[in-house]
Amino acid sequence: MPGKSLLSKIKKIGHNIKYDWQVLRNAGIRMQGIYFDTMIAAYILNPGGRVYSLDGLAFEHFRKTMQKIEDLIGPKGKQGQLNMGQVDPKKVAYYAAEDADITWQLYEKFNKEIKKRKQEQVFFDIDMPIVEILGEMEQEGILLDSEFLKKL
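From a predicted model like this one, the values you see are computed outputs, not experimental measurements.

Trainee: What is the right way to look at the side chain of Thr103 in this model?
Mentor: By secondary structure assignment, the location of Thr103 is in helix H6 (residues 89-116). What makes Thr103 buried here is its relative accessible area of 8%. Beyond its immediate chain neighbours, meaning those up to four positions away, Thr103 contacts Ile13, Gly14, His15, Thr38 and Leu54.

Okay, structure coming up:
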């Protein structure tokens, strides 16, 4: 497949990209080319921060209030929420475009700041390569020796 190799070479930028990696993996798609996670970058730049969510960072850095997911699919609770397939595609498109736009803006800002602070090695050589490993670990789980732990 000619398109497959090209797509795998494109650098992927996201916010909490491990989640996207897991969703695609569950659909039988192996995401390749993970390059930059704005959530991880936010933590590297401000490890004592309180907010790492996309909407929280949008407000903190750009004073932008993003559309809430509950505005699209309804509130959590007994009524149940809609899935995205049940929502007007124009509303979903706006929501998705806003997420992509804010993620890109954060990428541009954080990438510059990481370079300015000379934190590229920590970010690109340590934190980003383990995104897929952590995703695998979360999906596969771990084996515990519960009897041993009880003795401890």
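Trainee: Where do I start with the pattern of salt bridges in this structure?
Mentor: Per the stated rule, a full pass over the model turns up 8 salt bridges. For the salt bridge of Glu98 with Lys64, the shortest nitrogen-to-oxygen distance reads 2.9 Å. Of this pair, Glu98 sits in helix H6 while Lys64 sits in the loop between helix H4 (54-62) and helix H5 (69-73); the two residues are 34 residues apart in sequence, bridging distant segments of the chain. Looking at Glu98, the relative accessible area reads 6%, which means it is buried. With a shortest N-O distance of 2.8 Å, Glu113 and Arg117 are connected by a salt bridge.

Trainee: Explanation requested: the packing of H4 against H6 in the structure shown.
Mentor: Pairs of packed helices are described in terms of their axes, by the angle between the two and the distance that separates them. Look at H4 against H6: their axes get within 10 Å of each other, and the N-to-C directions meet at 55 degrees. In terms of orientation, H4 and H6 fall into the oblique class. In this structure, the crossing between H4 and H6 has a hand that is left-handed. Within the contact between the two elements, H4 uses Leu54, Leu57, Ala58, His61 and Phe62 and H6 uses Asp99, Ile102, Thr103, Gln105, Leu106, Lys109 and Phe110. Grouping the amino acids of the contact of H4 with H6 by side-chain chemistry returns 7 nonpolar, 3 polar and 2 charged.

About the thresholds
Residues numbered from 1 in each chain as written. Predicted model: local features only at pLDDT ≥ 70, side-chain atom pairs only at ≥ 80, totals over all residues. Heavy atoms only, no water. Helix = DSSP H or I, 4+ residues; strand = E, 2+ residues; numbered from the N terminus. Buried < 20%, exposed > 50% of the residue type's maximum accessible area, 1.4 Å probe, protein only. Contact = heavy atoms within 4.5 Å. Salt bridge = Lys/Arg side-chain N within 4 Å of Asp/Glu carboxyl O. Axes fitted to C-alpha atoms, helices over the stretch in contact; angles between N-to-C directions. Parallel < 35°, antiparallel > 145°, perpendicular 65-115°, else oblique. Left-handed = near helix turned anticlockwise from the far one by under 90°. Nonpolar A, V, L, I, M, F, W, Y, C, P; charged D, E, K, R; others polar.

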